[in-house]
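# Structural overview
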2 protein chains.
Amino acid sequence: MLEVICIKESRVPEVVIRRLALYLRALSQIDASESAFVSSQELAAKVGVTAAQVRKDLAMFGEFGKQGVGYHAGFLREEIARILKADRTIEFVIIGAGELGIALGRYTLRKYESEQAYPFMLTAMFDIDPAKVGHKVAGISVRHISEMARIVNERCIGMALLTVPESAAQSVIDLLGETRIKAVLNFAPTRLVAPRGIRVHNADVSLDLHHLAFFL
Amino acid sequence: MLEVICIKESRVPEVVIRRLALYLRALSQIDASESAFVSSQELAAKVGVTAAQVRKDLAMFGEFGKQGVGYHAGFLREEIARILKADRTIEFVIIGAGELGIALGRYTLRKYESEQAYPFMLTAMFDIDPAKVGHKVAGISVRHISEMARIVNERCIGMALLTVPESAAQSVIDLLGETRIKAVLNFAPTRLVAPRGIRVHNADVSLDLHHLAFFL
DNA sequence: TAGATTGTTAATCGATTAACAATC
DNA sequence: TAGATTGTTAATCGATTAACAATC
């Protein structure tokens with residue numbers, strides 16, 4: 001007789017992670033001002049989901065509440081931040097120093113400097129165009145793409161924003177396969193074949209526009 | 001005996017609409033070059049879903065294929081474009097002429113001018129800052145927010161991109177309640193309470209970053 | 001203790017996948 | 001006709017909601 005030992009593949013649905021980010025944001029807003037405890041009901045109302053869903057989502061990661069009382073807002077915020085790795089500084093790079101890349105670079109750097117708990121720090125920007133190399137974006141120099149792999153690996157950077165033209169996106173992500181980059185946010189309107197070990201999310205404005213136009 | 005006439009509330013799941021936009025993009029790419037017909041299998045492979053899903057999605061809107069043959073690529077592209085309202089020019093405005101607003105304005109205008117079938121046309125930009133009013137973005141003048149309602153209504157514009165700071169986003173969308181705007185793409189990192197009849201989608205980079213950081 | 005709210009199990013709902021008769 | 005592929009129905013899967021015992 002064969003006993004199969006099933007390793008509980010603790011698979012967390014994507015939607016749960018996304019909602020966790022919403023809970024974190026809501027908790028960051030109430031923490032200081034209101035009472036020290038929040039119920040799943042209150043948190044749910046702020047985020048726009050059901051109380052049962054809040055409890056279910058949190059239950060995937062542990063027991064954070066007290067029966068009859070609710071969740072300690074500060075503690076829950078810290079725990080969710082830990083789960084989402086937002087309790088440490090996350091360095092990232094931007095590849096593609098066009099208008100969108102520069103706008104996102106300035107935006108995130110400003111947030112990092114002004115918001116206490118904002119964890120994402122832009123560390124470097126890259127472009128293939130020699131005319132752009134050397135240009136400074138909010139204090140960060142744009143470097144040539146050929147330096148990318150070395151710099152990313154030296155500084156152990158795991159995250160990249162991809163703001164290159166559609167035609168360049170696939171070749172850039174192929175380059176990233178040789179680096180420590182593990183997560184990529186792709187702004188190019190194209191489906192990328194990701195190298196093994198790299199997770200790609202798409203932030204495609206054209207797709208959002210098409211989606212919205214359906215409701216006109 | 002009472003006969004209940006059930007109006008088939010043709011509720012289309014959000015994910016289906018999103019995939020429709022992906023099918024449209026894939027079809028636009030193959031149309032000219034390859035064979036005139038595509039099977040659900042081929043289309044599925046290009047988009048990264050199953051063939052059954054392609055057929056199921058399309059079946060929600062009609063019968064577009066021929067058994068044993070597949071779908072005529074050009075015809076299917078036109079039909080999906082019609083469903084997504086991408087068969088006509090969709091005028092939209094950008095509210096908030098900061099860096100992100102300007103970058104998105106230039107990006108979409110360039111696409112509109114260079115891509116044959118790109119349906120989204122930026123018609124006006126607005127800001128509350130008098131220093132920004134009058135400035136031109138790729139030929140489009142930035143106007144004061146106080147002119148927004150009048151211009152949007154005169155030109156029957158239904159779509160808006162919201163690129164104002166988080167603190168201003170809710171008051172702007174309240175203003176939109178008085179206009180013909182029906183769909184809003186919100187870039188501010190905050191949940192908006194939409195006026196009746198307005199559909200809001202969020203394009204929140206911070207949320208995407210949190211989501212991705214989970215996988216580091 | 002009494003009231004409230006969690007964590008969890010069971011019921012429901014909806015979306016995806018598989019399968020196949022219809023038919024080009 | 002024979003082979004292929006659709007449109008659709010049934011089976012599966014997974015996520016959401018409801019309900020409630022446990023307990024603060």
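Structure: above.
To keep things clear, this report deals only with the structure shown in the data block. (Residues numbered from 1 in each chain as written. Chains lettered and ligands numbered in written order. Predicted model: local features only at pLDDT ≥ 70, side-chain atom pairs only at ≥ 80, totals over all residues. Heavy atoms only, no water.)

### Things to note about the protein's contact with DNA strand C
As a structural note, the neighbourhood of DNA strand C is formed by 24 residues, with Ser 40, Gly 65, Gly 68 and Tyr 71 of chain A together with Gln 53 of chain B the closest of them. For DNA strand C, the backbone makes up 63% of the atoms found within 4 Å of the protein, where backbone means sugar plus phosphate. A distance of 2.8 Å separates a phosphate oxygen of DNA strand C from a polar backbone atom of Gly 65 of chain A. Between Arg 19 of chain B and DNA strand C, the recorded distance is 3.1 Å, taken from a side-chain N or O atom to a phosphate oxygen. For the surface near DNA strand C, the secondary structure elements donating two or more residues are helix 3 (51–59), strand 2 (65–66) and strand 3 (70–72) of chain A together with helix 1 (14–30) and helix 3 (51–59) of chain B. No other element matches the four residues that helix 3 of chain B contributes to the surface near DNA strand C. For the surface near DNA strand C, the per-class residue count stands at six nonpolar, 10 polar and eight charged. (Near = heavy atom within 4 Å. Polar contact = N/O pair within 3.5 Å; in protein donor to acceptor, adjacent residues only side chain to side chain. Helix = DSSP H or I, 4+ residues; strand = E, 2+ residues; numbered from the N terminus. Nonpolar A, V, L, I, M, F, W, Y, C, P; charged D, E, K, R; others polar.)

### Topic: the side chain of Thr 190 of chain B
Within the secondary structure, Thr 190 of chain B is located in the loop between strand 9 (183–186) and strand 10 (199–202). You can call Thr 190 of chain B buried: its relative accessible area is 17%. Among residues more than four places away in sequence, those in contact with Thr 190 of chain B are Arg 25 of chain A together with Glu 166, Ala 169, Asn 202 and Asp 204 of chain B. (Buried < 20%, exposed > 50% of the residue type's maximum accessible area, 1.4 Å probe, protein only. Contact = heavy atoms within 4.5 Å.)

### Considering the relation of the copies chain A and chain B
Screw-axis analysis of chain A against chain B gives a translation of 0.0 Å along the axis, an RMSD of 0.0 Å, and a rotation angle of 180°. The operation mapping one copy onto its partner corresponds to a two-fold rotation axis. The residues that chain A uses at the interface reappear at the interface of chain B in 100% of cases, marking a shared surface. (Least-squares fit on C-alpha atoms with pLDDT ≥ 70 in both.)

### Topic: the sheet that holds strand 1 (residues 37–38) of chain A
Spatial ordering of the open sheet is given by 1-3-2 (chain A), a layout of three strands whose pairing is antiparallel. Each edge of the sheet is formed by a strand with only one pairing partner; in this case those strands are strand 1 and strand 2 of chain A. (Pairing = 2+ DSSP bridges.)

### A word on the interface of chain A and chain B
On the chain B side, the residues contacting the 59 residues of chain A number 59 residues. For the pair chain A and chain B, the interface holds six salt bridges. The residue Arg 106 of chain B makes a salt bridge to Glu 99 of chain A at a minimum N-O spacing of 2.0 Å. Joining chain A to chain B, the criterion identifies 22 residue pairs in polar contact (both at pLDDT 80 or more). For the side of chain A that touches chain B, the secondary-structure elements that each account for two or more residues are helix 1 (14–30), helix 2 (40–47), helix 5 (99–114), strand 8 (159–162), strand 9 (183–186), strand 10 (199–202) and helix 8 (205–213) of chain A. (Salt bridge = Lys/Arg side-chain N within 4 Å of Asp/Glu carboxyl O.)

### Concerning the sheet that holds strand 9 of chain B
By way of backbone hydrogen bonds, the strands of a sheet pair with one another, either parallel or antiparallel. Reading across from one edge, 6-7-5-4-8-9-10 (chain B) is the order of the seven strands in this open sheet, with mixed pairing throughout. The strands lining the two open edges of the sheet, one partner per strand, are strand 6 (136–137) and strand 10 of chain B. The pairing of strand 6 of chain B with strand 7 (residues 140–144) of chain B spans two bridges and is classified as antiparallel. Paired with Lys 136 of chain B across the bridge in strand 7 of chain B is Ser 141 of chain B. The strands touched by helix 8 of chain A within the sheet are strand 5 (120–127), strand 8 (159–162), strand 9 and strand 10 of chain B, with strand 9 of chain B carrying the most contacts at an inclination of about 155°. (Axes fitted to C-alpha atoms, helices over the stretch in contact; angles between N-to-C directions.)

### Digging into the protein's contact with DNA strand D
Near DNA strand D, the surroundings consist of 24 residues, among which Gln 53 of chain A together with Ser 40, Gly 65, Gly 68 and Tyr 71 of chain B are the closest. When the atoms of DNA strand D within 4 Å of the protein are sorted by group, sugar and phosphate make up 62%. Residue Glu 63 of chain B places a side-chain N or O atom 3.4 Å away from a sugar or linking oxygen belonging to DNA strand D. For the surface near DNA strand D, the secondary structure elements donating two or more residues are helix 1 and helix 3 of chain A together with helix 3, strand 2 (65–66) and strand 3 (70–72) of chain B. Each residue belonging to the surface near DNA strand D can be placed in one class, and the counts come to six nonpolar, 10 polar and eight charged.

### A word on the packing of helix 1 of chain A against helix 8 (residues 205–213) of chain B
For the pair helix 1 of chain A and helix 8 of chain B, interaxial distance at closest approach is 9 Å and the crossing angle is 120°. Comparing the axis directions of helix 1 of chain A and helix 8 of chain B gives the class oblique. For the pair helix 1 of chain A and helix 8 of chain B, the sense of crossing is right-handed. For the pair helix 1 of chain A and helix 8 of chain B, the contacting residues are Glu 14, Ile 17, Arg 18, Ala 21, Leu 22, Leu 24 and Arg 25 of chain A in the first and Leu 207, Asp 208, His 210 and His 211 of chain B in the second. Of the residues that constitute the contact of helix 1 of chain A with helix 8 of chain B, the class distribution is five nonpolar, two polar and four charged. (Parallel < 35°, antiparallel > 145°, perpendicular 65-115°, else oblique. Left-handed = near helix turned anticlockwise from the far one by under 90°.)

### A word on the pairing of strand 7 (residues 140–144) of chain A
Residue and element names in this part refer to chain A. In terms of strand pairing, strand 5 (residues 120–127) meets strand 7 through three bridges, oriented parallel. Each bridged residue has a counterpart across the sheet, and for Met 125 the counterpart in strand 7 is Val 142. The hairpin formed by strand 6 (residues 136–137) and strand 7 contains two residues between the paired strands, and Ala 138 there has a positive phi angle of roughly 50°.

### Re the pattern of salt bridges
According to the stated counting rule, one finds 24 salt bridges over all chains in the structure shown. When the shortest N-O distance is used, the salt bridge between Glu 154 of chain A and Arg 150 of chain A registers 3.2 Å. On the criterion of helical spacing, the pair formed by Glu 154 of chain A and Arg 150 of chain A is a turn pair, its members being four residues apart in helix 6 (residues 148–154). Overall, the relative accessible area of 55% leaves Glu 154 of chain A in the exposed class. Linking Glu 147 of chain B and Arg 143 of chain B is a salt bridge whose minimum nitrogen-to-oxygen distance equals 3.7 Å. Residue classification places Arg 143 of chain B among the partly exposed residues on the basis of a relative accessible area of 28%.

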